Amino acid sequence: MAISRLNLVSINFDKYRYNEVLLKLFSHDDFHPELASKFIDSVTGLSVYNQDNLYEEILVRLNDASNKYHFKLEEVPVETNQINVLRVKEYLDDLLLDVERIDAVKVQLDRMIIENQEAIIQLQHVADIDVDFDDLFSCKYLQVRFGKIPVNNVSKLDYYESLPFVFKAFHNDNQYTWCMYITTPGDAPEVDNIFSSLYFERIHIPAFVHGSPELAIGEIQEEADVAKEQSEKLKERIDKMFANDRDKLNEIYTIAKHLNDVFIMQKYVVVIGDKLSVNGFVPTRSVKKFKEDFETLEKVTVDIKPANSDVRLSPPTLLKNNWFSRPFRMFVEMYGVPKYNDADPTLLVALSYTLLFGIMFGDVGQGVILSLVGFVAYKKFGLQLGAVGVRLGISSMLFGVVFGSVFGNEEILIPLFNAMSPDNTMTLLIAAICLGIILIIISMAFNVILSFKKKNFGEAVLSQNGICGLVFYISILGLVINMFLGLGFVNVIYVVGLIALPLFLIFLKEPLIRKFEEHEAMFPNGFGAFFVEGFFELFEVVLSFITNTMSFLRVGGFVLSHAGMMLVVYTLAEMVGGVGELAVIIFGNIFVMCLEGLIVGIQVLRLEFYEMFSRYYEGNGISFKTIKED
């Protein structure tokens, strides 16, 4: 349960080392950069490095060509990280211009192939009609249009009976009616407009078509085959041109990509006269190696300072967890990462979450399945939730042994604690509350330690989650125990000193803090306003102690719920009997695992966030991010 110690580093270098330094910096996974704007706003004469990106255009052209002509660009090892931008642009202009000329011819051929295929489809639909295209297209006083129209729009042609056109349908399918219409040259514009409004799609019959439809189909197919052959040859020619230049294109792509990444990093570079500087944080364990790596470059220096040495910067938080608690970091980060000088609660979350989930979902068989599914999800898909599932499954197996439950069957193992026995119900609920009390006390103690560490003494002593709150809560628990067991240790001094006084100090928290911090007035808005507001806040504090404690009853409730749901499954299985009994048991277990596993996971997370995190955790830190992540 720790936060990695960091150092603030400043990398200083000459402008001509710009690309070299930033490329090396981009490859580091242990550097959190700080924006240059954080420095220039407070110091006159500093500025953010800002140069035109000469490599973005090259990168865009290469990627566009790769997508358009379907060749793959790859990053390859290169001997240098510099390119002559003008020469590269000239090279790409020459290469892509030749390719575009060839592709333009190919596009025309492909368009002609598509048009011919549509014409063939149209002709196939009129193949049974006795028509000679030579006679049809030689008419001087008729205009003929072939095409297709949506089936639903054919009936709408009745609205235009007064117009001079002849409509002939050849064939219907589910969507279109393949057809033709004939009109006079003078009326053609108006008739064409009407058909266009009905989504008529014209199909052009090539001018070289002669004779009958069968003969025309043959001629069109022959032309399409020739065009297709030529198109394929042009495609092979384009592919060969890129294949011949693959090594050079990949080299240009690699360098341009790296240098483009460098220019994206301009926002981190501070200009100090003729020098440049990049500032950021590095884990203390890596700072020596980091310094040695950069100072191998000529005229590059690295200054190392304590993380809190610059008041303009807030150190980021790099969580450092052991193998068990590491997957639970996702729950902490959902709430927010701790500040650099705070403590990492991940281990506490991991232990308490695993414990609570195991109790609420205690079953040996279902725990095994949960661990196996989690293991596959983590190993195959890299899901951190899968790693969490492995740990929760193991906890469920352990408590499954305690409850004697194997896939809901409580006859295979001898239970150490029979949750379904009426005699044990109250014991189970009291144990759940006791567990909640322990976790709440740990959370409050954790808050006291953190507050003292941050030198927030008022919060540490007078807060409802500080020493006063802790004393009050434990004393109330002692009062309750005394009432039930009659131990006789409660007296007036106990009530006044351990219950009334801490509660009174919590009530006066804000005025006392103002007094200690030497503010002008303890009650800036008047005593009356303070009293009313403080009274209701104190009432809420007392009520929250009760509700937070009783909230842990859900732990015992879900133990009973899990056992009850599985009892229903086995009852239904016995009612079905035969082969269906096994099916009911299998699908019943799957249903309970999915439904209850999801609900229990959410409820435990709720206990973590509302009953524990809210007492000690702020989560307003900054995550440690490398340049790649940013």
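Residues numbered from 1 in each chain as written. Predicted model: local features only at pLDDT ≥ 70, side-chain atom pairs only at ≥ 80, totals over all residues. Heavy atoms only, no water.

The name an unreviewed UniProt entry gives the protein is V-type ATPase 116kDa subunit family protein, with Thomasclavelia ramosa DSM 1402 as the organism. You can read under Sequence similarities (unreviewed entry) in the UniProt record for the protein the words "Belongs to the V-ATPase 116 kDa subunit family." (UniProt positions renumbered as here; feature names shortened; annotations may be inferred.)

Per the secondary structure count, the protein includes 21 helices and twelve strands. Taking 2.2 N^0.38 as the reference for a compact globule, 630 residues should give roughly 25 Å; the C-alpha atoms of the protein span a radius of gyration of 39 Å, well beyond that estimate. For the protein, the spread of C-alpha atoms along the principal axes amounts to about 120 × 85 × 55 Å. Within the protein, the fraction of its 630 residues that count as buried is 45%. Surface accessibility of the protein: about 34200 Å² in total, with carbon and sulfur atoms responsible for 60%. Between the mean site of the 54 positive side-chain charges and the mean site of the 77 negative ones, the protein shows a separation of 10 Å. (Helix = DSSP H or I, 4+ residues; strand = E, 2+ residues; numbered from the N terminus. Rg over C-alpha atoms; globule rule 2.2 N^0.38 Å. Buried < 20%, exposed > 50% of the residue type's maximum accessible area, 1.4 Å probe, protein only. Areas by Shrake-Rupley, 256 points an atom, 1.4 Å probe, with all protein chains shown as cover. Lys, Arg positive; Asp, Glu negative; His and termini not counted. Charge placed at Lys NZ, Arg CZ, Asp CG, Glu CD.)

It is worth spelling out the UniProt feature "coiled-coil region" (unreviewed entry) in the protein at this point. The UniProt feature table records "coiled-coil region" (unreviewed entry) at residues 217-244. With 100% helix and 0% strand, residues 217-244 has end C-alpha atoms that lie 40 Å from one another.

Next up on the list: the domain arrangement of the protein. Along its sequence, the protein is organised into domain 1 (3-55 + 254-318), domain 2 (127-204) and domain 3 (319-615). With centres defined by C-alpha atoms, the gap from domain 2 to domain 3 works out at 77 Å. (Domains from an automatic or database assignment.)

Right, let's talk about unusual backbone geometry for a bit. In the Ramachandran plot, Tyr199 falls in the positive-phi region, its phi being about 65 degrees despite a non-glycine side chain. Along the chain, Tyr199 turns up in the loop between α6 (188-197) and β8 (201-202). Its relative accessible area of 59% is what places Tyr199 among the exposed residues. In this model, Lys299 sits at a positive phi of 60 degrees, which is unusual for a non-glycine residue.

Structurally, the position occupied by Ser443 is in helix α14 (residues 422-453). Of note is the side chain of Ser443, whose polar atom sits 2.8 Å from the backbone oxygen of Leu439. Contact partners of Ser443, with chain neighbours within four places excluded, come to Met612, Arg615 and Tyr616. (Polar contact = N/O pair within 3.5 Å; in protein donor to acceptor, adjacent residues only side chain to side chain. Contact = heavy atoms within 4.5 Å.)

Time to look at α14. Compared with the 46 Å implied by 1.5 Å per residue over 32 residues, the 48 Å span of α14 between its first and last C-alpha is a close match. Lys455 lies just past α14 and shows a positive phi near 60 degrees. (Expected span 1.5 Å × (residues − 1).)

Turning our eyes to something else, we now look at the nonpolar core. Counting 60 residues, the largest nonpolar core has Tyr353, Leu356, Val555 and Tyr616 as the members making the most contacts within it. If you tally residues by element for this core, the top one is α14, at ten residues. Among residues more than four places away in sequence, those in contact with Tyr616 are Pro345, Leu348, Ser443, Phe446, Asn447 and Leu450. If you look at the next biggest cluster of nonpolar residues, it comprises 56 residues, including Val21, Tyr49, Phe263 and Leu276. (Core = buried A, V, L, I, M, F, W, Y, C linked by side-chain atoms within 4.5 Å.)

Here we come to the pattern of salt bridges. Counted under the stated rule, the structure contains 21 salt bridges. A salt bridge links Arg101 to Asp98, with the nearest nitrogen and oxygen atoms 4.0 Å apart. Placement of both Arg101 and Asp98 in helix α4 (residues 85-125) is noted, with a separation of three residues, approximately one turn of the helix. Under the relative-accessibility criterion, Arg101 is labelled exposed at 54%. One network of salt bridges, in which partners are shared, links Arg17, Glu20 and Glu298. (Salt bridge = Lys/Arg side-chain N within 4 Å of Asp/Glu carboxyl O.)

Position of Ser405 among the secondary structure elements: in the loop between α13 (384-403) and α14. Of the polar contacts made by the side chain of Ser405, one reaches the backbone nitrogen of Gly408; its length is 3.5 Å. Not counting chain neighbours up to four residues away, the residues in contact with Ser405 comprise Gly362, Asp363, Val364, Gly365, Gly400 and Glu410.

As a further point, take the UniProt feature "transmembrane region" (unreviewed entry) in the protein. Per the UniProt annotation, the sites labelled "transmembrane region" (unreviewed entry) are residues 355-378, 390-408, 428-450, 462-481, 487-507, 552-570 and 582-605. Secondary structure content for residues 390-408 is 74% helix and 0% strand, and the end C-alpha separation is 20 Å.

Relative orientation of the contacting elements helix α1 (residues 18-26) and helix α9 (residues 284-294) amounts to 150 degrees, with a least axis distance of 11 Å. On the basis of their axis angle, the class for α1 and α9 is roughly antiparallel. For α1 against α9, the interelement crossing comes out right-handed. Across from Val21, Lys24 and Leu25 in α1, the residues of α9 making contact are Phe290, Asp293 and Phe294. Broken down by class, the residue content of the contact of α1 with α9 amounts to four nonpolar, no polar and two charged. (Axes fitted to C-alpha atoms, helices over the stretch in contact; angles between N-to-C directions. Parallel < 35°, antiparallel > 145°, perpendicular 65-115°, else oblique. Left-handed = near helix turned anticlockwise from the far one by under 90°. Nonpolar A, V, L, I, M, F, W, Y, C, P; charged D, E, K, R; others polar.)

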